[in-house]
Amino acid sequence: MKIGIVGSGYVGTTVAACLADFGHDVINVDVDESVVRRLNEGESPISEPGLDDLLDRHAGESLWATTDYEDLATADVVILALPTPANDDGSIDTAYVEAGAESLGAVLPDFESPPTVVVKSTVLPGTTEDVIRPALERESGLRAGEDFSVAVNPEFLREGSAVEDFRNPDKLVFGTADDRALDALEAVYAPLIEDVPVVRTGPREAAMIKYANNAFLATKVSLVNELGNICKEYGVDAYEVADAIGLDDRIGERFLRSGVGWGGSCFPKDLAALVAAARETGYEPALLQAAIDVNDRQPRRMLDLLDDHVDVEGERVAVLGLAFKPGTDDVRNSRAIPIIEGLQERGAEVIAYDPNRGAVDEMRERFPDVEYLASASPTLSGARAALVVTDWPAFADLDLEFDLMSGDVVIDGRRIIERRDGITYEGLTW
């Protein structure tokens, strides 16, 4: 099958590489010539485990990139995988996906056969019908449902495990309004359909499933963090409590690790968009807003624990972990951002380390006055206190490195450091 993908960011690149690995012929379109060049040379524009191997195997053969939308004319399916960032009020900015739809629409009349346009970008219910489909029709002069089909196929890829998530999803969601679009999606995902639950539904329902999925998970994490905060007040081990309630199959054991909270591009953006959209209808989503509020408080709680032990004004303070989660270079909405801001407000000299150099480079643009070092040992050396923000596996091996500190206070936001004599250890929620 010939598949076009518009957008070569995190989602577009991962989907392109994985579909090429399924045996499809894939064409990526991107406006950034440097990204196109890197893809054609087998280089990934993003940091994601397993992606470089796939690109090295398929780039230039079953996968190639271009800046020209006209190169999509032989495709059976075109996937829109463009960003939908948040506006200041929390609503989504559809400018990128609308521009992509307009550019695609301009070449739709040149397609060899009626294609199916698949919206994989995260958009609210109604956006496909009210924004994307009209843009395609307006620019092409064609009619959706007659001259081409439109479908919604949300992604559920986690940064740091996106390739594995694509190959072994917990579900596939096909939001279609006609049989041609449904048949196209089933052909795209033919290698998976026999073994994976498939949700066949309408476009609006498919769009909402993505938001509901992320809203539920983010709220679950915030609830566990709230319970963890209460546990700490009672001197109770929150992780033992979580292990016990996770045995209840109505709750489940996943997403029960309390800590400094969630970040990244998906949870913050999707919850904010859902809250903003709900308020537009006149409904006040109190529980979702509470989940956001709890998450926003967790970094402040971490700094309050630091204040209980030491005045950091003029002191060297180490921050371990800058990426929002291990296995990625993404610092969007990283919990390290409010932590560093809080330390600087307190007059601390901030020294930071992350095992991913891409995360360091991204954070350096935001905080150029922070000193970034190449490993944990020099970062901890001479520090009055240390705050562990990201649960990189390598941090679990730290031990004698803490003896290099001038102080002994370790505030652990991820329960990854072992308590021991010689350090004053504070877990965030235990």
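What this report covers is the structure whose coordinates are included nearby. (Residues numbered from 1 in each chain as written. Predicted model: local features only at pLDDT ≥ 70, side-chain atom pairs only at ≥ 80, totals over all residues. Heavy atoms only, no water.)

### Thoughts on the packing of aromatic side chains
Part 1: If you walk through the whole model with that rule in mind, you get five aromatic pairs.
Part 2: With a centroid separation of 6.0 Å and 80° between ring planes, the pair formed by Trp262 and Phe267 is classed as edge-to-face. Each member of the pair Trp262 and Phe267 is classed as buried.
Part 3: Ring plane angle 55° and centroid distance 6.1 Å describe the contact between Tyr353 and Phe395, whose orientation is recorded as tilted. You can see Tyr353 sitting in strand 10 (residues 349-353) and its partner Phe395 sitting in the loop between strand 12 (385-388) and strand 13 (409-412), a full 42 residues away along the chain. When sorted by exposure, Tyr353 lands in the same class as Phe395, which is buried.
Part 4: One aromatic cluster in this structure is built from Phe22, Phe166, Phe174 and Tyr189.
Part 5: Positioned above the aromatic ring of Phe156, the side-chain terminus of Lys171 is 4.4 Å from the ring centre.
Part 6: Cation over ring: Arg415 sits above Tyr239, and NZ or CZ is 4.5 Å from the ring centre. (Phe/Tyr/Trp six-rings, centres within 6.5 Å; stacked < 30°, edge-to-face > 60°. Buried < 20%, exposed > 50% of the residue type's maximum accessible area, 1.4 Å probe, protein only. Helix = DSSP H or I, 4+ residues; strand = E, 2+ residues; numbered from the N terminus. Lys NZ or Arg CZ within 6 Å of the ring centre and 35° of its normal.)

### Here we look at the pattern of salt bridges
Close approach of charged atoms allows side chains of opposite charge to pair.
Part 1: In this structure the tally under the stated criterion is 26 salt bridges.
Part 2: A salt bridge links Arg297 to Glu226; the nearest nitrogen and oxygen atoms lie 3.6 Å apart. Placement of the pair is Arg297 in helix 12 (residues 286-309) and Glu226 in helix 9 (residues 203-234), with a sequence separation of 71 residues.
Part 3: Looking at Arg297, the relative accessible area reads 33%, which means it is partly exposed.
Part 4: Arg384 serves as the salt-bridge partner of Glu315, at 3.0 Å between the closest nitrogen and oxygen. With a gap of 69 residues between them, Glu315 in the loop between helix 12 and strand 9 (316-320) and Arg384 in the loop between helix 15 (376-380) and strand 12 connect regions that are remote in the sequence. (Salt bridge = Lys/Arg side-chain N within 4 Å of Asp/Glu carboxyl O.)

### Some points on the sheet that holds strand 3 (residues 63-66)
Part 1: Read across the sheet, eight strands follow the order 3-2-1-4-5-6-7-8 without closing on themselves; strand pairing throughout is mixed. Two strands close off the open sheet at either side, each with one partner strand: strand 3 and strand 8 (198-201). Each adjacent strand pair in this sheet contributes to an overall mean axis angle of 25°, direction not counted.
Part 2: Examined bridge by bridge, strand 7 (residues 172-176) and strand 8 share four bridges and lie parallel to one another. In the strand pairing of strand 8, Leu172 is matched with Val198. (Pairing = 2+ DSSP bridges. Axes fitted to C-alpha atoms, helices over the stretch in contact; angles between N-to-C directions.)

### A closer look at the sheet that holds strand 10
Part 1: If you trace the six strands from one edge of the open sheet to the other, you get 11-10-9-12-13-14, paired in parallel fashion. For this open sheet the edge positions go to strand 11 (371-372) and strand 14 (424-427), each flanked by a neighbour on one side alone.
Part 2: Taken together, the four bridges between strand 13 and strand 14 define a ladder with parallel strand orientation. What sits directly across from Val410, in strand 14, is Tyr425.
Part 3: Sheet strands touched by helix 12: strand 12, strand 13 and strand 14. Its angle to strand 13, the strand with the most contacts, is close to 165°. (Contact = heavy atoms within 4.5 Å.)

### Overview of empty space enclosed by the protein
Part 1: Under the defined criterion, the tally for this structure stands at three cavities of 30 Å³ or more.
Part 2: Contributing to the lining of the largest cavity are 14 residues, with Pro154, Phe156, Leu157, Pro169 and Leu172 lying nearest its centre.
Part 3: When the residues that make up the lining of the largest cavity are grouped by side-chain class, the tally is nine nonpolar, one polar and four charged.
Part 4: Lining the second largest cavity, in full, are Val224, Leu227, Gly228, Cys231, Ala238, Tyr239, Val241, Ala242, Ile245, Leu256 and Ser258.
Part 5: It is helix 10 (residues 238-245) that contributes the most residues to the lining of the second largest cavity, five residues altogether.
Part 6: Looking at the lining of the second largest cavity residue by residue, the classes come out as nine nonpolar, two polar and no charged. (1 Å grid on protein atoms, 1.4 Å probe; cavity = no way out; pocket = protein on both sides within 12 Å on 5 of 7 lines; lining within 4 Å. Points joined across faces, edges and corners; volume = space filled by probe spheres on them. Nonpolar A, V, L, I, M, F, W, Y, C, P; charged D, E, K, R; others polar.)

### Some remarks on the nonpolar core
Part 1: Leu306, Val319, Leu322, Leu343, Met363, Leu387 and Phe395 are the most contacted members of the largest nonpolar core, which totals 52 residues.
Part 2: Among the secondary structure elements, those contributing two or more residues to this core are helix 12, strand 9, helix 13 (336-345), strand 10, helix 14 (357-366), helix 15, strand 12 and strand 13.
Part 3: Ranked by residues supplied to this core, first place goes to helix 13 with five residues.
Part 4: Look past the residues within four positions of Met363 in its chain and what remains in contact with it is Leu322, Val331, Ser334, Ala336, Ile337, Ile340 and Tyr372.
Part 5: Judged by nonpolar contacts, the second largest core, of 43 residues, contains Tyr69, Leu104, Phe148 and Ala206. (Core = buried A, V, L, I, M, F, W, Y, C linked by side-chain atoms within 4.5 Å.)

### Brief notes about the layout of surface pockets
Part 1: If you add up the space inside the second largest pocket, you get close to 280 Å³.
Part 2: Taken together, 15 residues line the second largest pocket, and the ones lying closest to its centre are Pro268, Asn295, Asp296, Asn333 and Arg335.
Part 3: Elements that contribute at least two residues to the lining of the second largest pocket include exactly helix 11 (266-280), helix 12 and helix 13.
Part 4: Across the lining of the second largest pocket, the residue classes break down as eight nonpolar, three polar and four charged.

### Considerations on the environment of Arg366
Part 1: For Arg366, the position within the fold is in helix 14.
Part 2: For the pair Arg366 and Ile337, spaced 29 residues apart in the sequence, the C-alpha separation amounts to 8.8 Å.
Part 3: In this view, Arg366 contacts Ile337 and Glu341; residues no more than four positions away in its chain are not counted.

### What about the side chain of Ser8?
Part 1: Relative to the helices and strands, Ser8 is located in the loop between strand 1 (2-6) and helix 1 (10-21).
Part 2: Not counting residues up to four positions away in its chain, the partners in contact with Ser8 are Thr13, Asn28, Val29, Asp30, Val35, Leu39 and Pro45.

### Details of the side chain of Thr176
Part 1: Tracing the chain through its elements places Thr176 in strand 7.
Part 2: Here Thr176 falls in the buried class, since its relative accessible area comes to 14%.
Part 3: If we skip the residues at most four places from it in the chain, Thr176 touches Ala151, Ala181, Leu182, Leu185, Thr201, Gly202 and Pro203.

Without other data, these values stay purely geometric and don't point to any function.
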